[in-house]
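What follows is the residue order along each chain.
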Amino acid sequence: MGRASGDATALRTSRFISFDGAVALSSLHQRPDRYRHLEADLGGGKRIARGAGLSYSAASFGEGVVVQEMSSFNRVLAFDRDQRTVRVEAGLTVGDLLVWAGRNGLSFPVLPGYPLITVGGCIAADVHGKNPLRDGTFSDWVGSMTVFHPAQGFRSIDRASDPELFAATCGGFGLTGLIVDATLRLLPLPASNVSVRQEPVESLLESVEALRRNPEVDFGYSWHDGAARGSRFGRGIMFFGTWTDEPCAGTGRSYRPMTSALRARFPLSLWNRATVAMANGAFRRLKIHRGTETKSSFDAAFPFAAQTLYHRFFGRPGLAEVQVLVPDASLERFVGELAALVDRVDPLLVMMSVKRFLGRQRSLAMSGSGSLFALDLARTGATARFLSEFDALVLDTGAQPNVAKDSRLPARIAAMALPHYESFRRRLAECDPEHLYRSELSRRLEL
Amino acid sequence: MVIGGSSGLGRALAERLARAGHSLVLVSSDLRDTQALAADLALRWGVQAVPMALDLAQSPLPLAALDAALAAMPPLTGLLLAAGMNREGDEPGQAPASFAALTCANYTNLCHLVDHFLPRLRREPRSWIVGFGSVAATRGRTRNAAYSAAKRALQSYFESLRHFLAGSGVKVQFYVLGYLDTNLAFGQRTLLPRASPQRLADAVYRRKDSDFGVSYYPRFWYPVCALLRQLPWTVFRRLSF
């Protein structure tokens, strides 16, 4: 019956788990819902912001770190219809952003695959959307931000006023301070739905070629069967989406929210060689059979909203995801050696995907152009060995790992592979000399 | 007008009312919070929302500022008093300033607000005053001494108010609240489940035309509180909560 005090530093101990299930720990948890809560004296303790908590890489929690959950900071603060800009709080979800923008005849071009991911999380991880070659990454569409740091208070920054802090915050995984709000640039909504053309493809290189031939497509990416080996390695489906006003079956906005804990509810992984082969075969045949499908913009942007079984099947053991940006100069060598590595180690590879990519940030985010390869693996005995050899392949081919996708990426690999790793470390030391903002990710990457 | 309308229950009420198209005056102790919520409600729901800052722990209240805000609004038809203040060390023997702040924020200033706006509310054919108490006020305990006393006094005031306004167009409602899933209860170990402030806001809005006087939310608190009231002192004094 004792109703608690409204103390600004109301804390509890919560258990946090990375989305891939690989990292779990308990730490103090704050759920601020007023601006003065953000300013609360945490006694000099380390802290990190948390959005939806769907990061693969344990970016939003850490040992001995106060987790500041930003879910209440989810308001739309200002809208300039003429300039097509909207200022939103960092806890606004991209699903809400898409719905709100759609009501105003606008859209946001860079959306990750799940609607509950927050704007703050998207900036911190510098996420990309369905055609990052054309649209760039999320941070490209951020005009300004408000960042809070206890030593500096609330600061409004943009690329001109504080280029160093701005650059370090875009793709800086919340380590420069707390992203409070951001002003985003929007585009006119081209149409209400998306027509998705689905075509079979026989190899990874073929999918890259297909994407190269369609650089201006609205949505462009591929899916590949992870169970295929030998000559069938890399067979998959190309997805090309274009905006359309053709009607579709539903809006898809009702979905069961996914959390990292919900994803890991099955005690065992239901993915094994038989289920992967069966599911992938069926998925490929279904997509080829359907050919072209018209989807709502919501369904097209967030394919994992309605389809949660894929991730839930990895169960408590979790999944291992890696994503790397491969420069064009070493593309063929990368693909060839990846195929050989998969044949040799034979991990339980569930699926792969490919996009074309262009990144411009100067932080921990991938930077430059090339082809983006993602691999999802079930955690088995061969996974660690495969990933270790995969790291060597990354270094050997000049590829860059996506820090946001890999909860075990060693600091040594990040330091060698990411072009801005060292300069980011230096900037971080200037922005946050006491390293007040920390996470499991920053510990692992020795930032 | 939602007093305490920036977070927790107050925010949920403001969002529910905005969704129904009502113009709003949002009052809380920090203008940054009410400004953010007012902007959001205006942009999402197209309603007029005016943010105001008011420290309910201070007395006297600057009521002229609220009157000025209302001047540019449609007639006032609802006053929802979702504000409350609770703090550590609220025990017998506390400093007078602390006691006064708790009493002002949880009782006297809320009554002053009702008194001040009553003429406006009575002028309207249908209007609505809602107060929120706490199950913590069921019986005096070691903790929350001034808070609980203020909430019990507020409930008594609302009973008088309902009696006074019987037969008028003003509905007077009082909710006795159990644990809500807000920042107030965050970090606390609670004996019974916490209710969603959004669901409570839905229920408050749905029942806005009902003449029920006092209601417990969630409803299971009614028998729990009735039982607590009946416990003999020899048993009650052994309870630690």
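Structure: see above.
Please read these numbers as outputs of a predicted model, since none were measured by experiment.

## Examining empty space enclosed by the protein
Residues and elements named next belong to chain A.
And then number 1: Tallied over the entire structure, the rule returns 4 cavities of 30 Å³ or more.
And then number 2: One number sums up the size of the largest cavity: a volume of about 60 Å³.
And then number 3: Along the walls of the largest cavity sit Ala 125, Asp 126, His 128, Thr 137, Phe 173, Phe 357, Leu 364, Ala 365, Met 366 and Asn 402, which together make up its complete lining.
And then number 4: Of the residues assigned to the lining of the largest cavity, the class counts are 6 nonpolar, 3 polar and 1 charged.
And then number 5: Taken together, Val 322, Gln 323, Val 324, Phe 390, Asp 391, Val 394, Pro 401, Asp 406, Arg 408, Leu 409 and Ile 413 make up the full set of residues lining the second largest cavity.
And then number 6: Mapped onto the lining of the second largest cavity, the elements with two or more residues apiece are strand S16 (319–326) and helix H13 (381–397).

## Let's talk about the pattern of salt bridges
All names here are of chain A.
And then number 1: Throughout the structure, instances matching the rule amount to 38 salt bridges over all chains.
And then number 2: Residues Arg 155 and Asp 162 are paired through a salt bridge, measuring 2.6 Å at the closest nitrogen-oxygen approach.
And then number 3: Owing to a relative accessible area of 28%, Arg 155 belongs among the partly exposed residues under this scheme.
And then number 4: Classification of Asp 162 by relative accessible area gives buried; the value is 17%.
And then number 5: The shortest N-O distance in the salt bridge between Lys 405 and Glu 321 comes to 3.5 Å.

## Quick word on the interface of chain B and chain A
And then number 1: Taken together, the contact pairs 41 residues of chain B with 31 residues of chain A.
And then number 2: The contact between chain B and chain A buries some 3,200 Å² in all, and 49% of this surface belongs to carbon and sulfur atoms.
And then number 3: At the boundary of chain B and chain A, one finds 2 salt bridges.
And then number 4: Of the charged contacts in the structure, one is a salt bridge between Arg 32 of chain B and Glu 39 of chain A, with a shortest N-O distance of 2.9 Å.
And then number 5: Our enumeration of links across chain B and chain A arrives at 11 residue pairs in polar contact (both at pLDDT 80 or more).
And then number 6: Put simply, the parts of the chain that give the side of chain B that touches chain A at least two residues each are helix H1 (8–19), helix H2 (31–45) and strand S5 (127–134) of chain B.
And then number 7: Here the side of chain B that touches chain A takes 8 residues from H2 of chain B, the largest share from any one element.
And then number 8: Of the residues contributing to the side of chain B that touches chain A, the split by class is 15 nonpolar, 14 polar and 12 charged.

Rules behind the numbers
- Residues numbered from 1 in each chain as written.
- Chains lettered and ligands numbered in written order.
- Predicted model: local features only at pLDDT ≥ 70, side-chain atom pairs only at ≥ 80, totals over all residues.
- Heavy atoms only, no water.
- 1 Å grid on protein atoms, 1.4 Å probe; cavity = no way out; pocket = protein on both sides within 12 Å on 5 of 7 lines; lining within 4 Å.
- Points joined across faces, edges and corners; volume = space filled by probe spheres on them.
- Nonpolar A, V, L, I, M, F, W, Y, C, P; charged D, E, K, R; others polar.
- Helix = DSSP H or I, 4+ residues; strand = E, 2+ residues; numbered from the N terminus.
- Salt bridge = Lys/Arg side-chain N within 4 Å of Asp/Glu carboxyl O.
- Buried < 20%, exposed > 50% of the residue type's maximum accessible area, 1.4 Å probe, protein only.
- Contact = heavy atoms within 4.5 Å.
- Buried area = accessible area lost by both parts, 1.4 Å probe.
- Polar contact = N/O pair within 3.5 Å; in protein donor to acceptor, adjacent residues only side chain to side chain.

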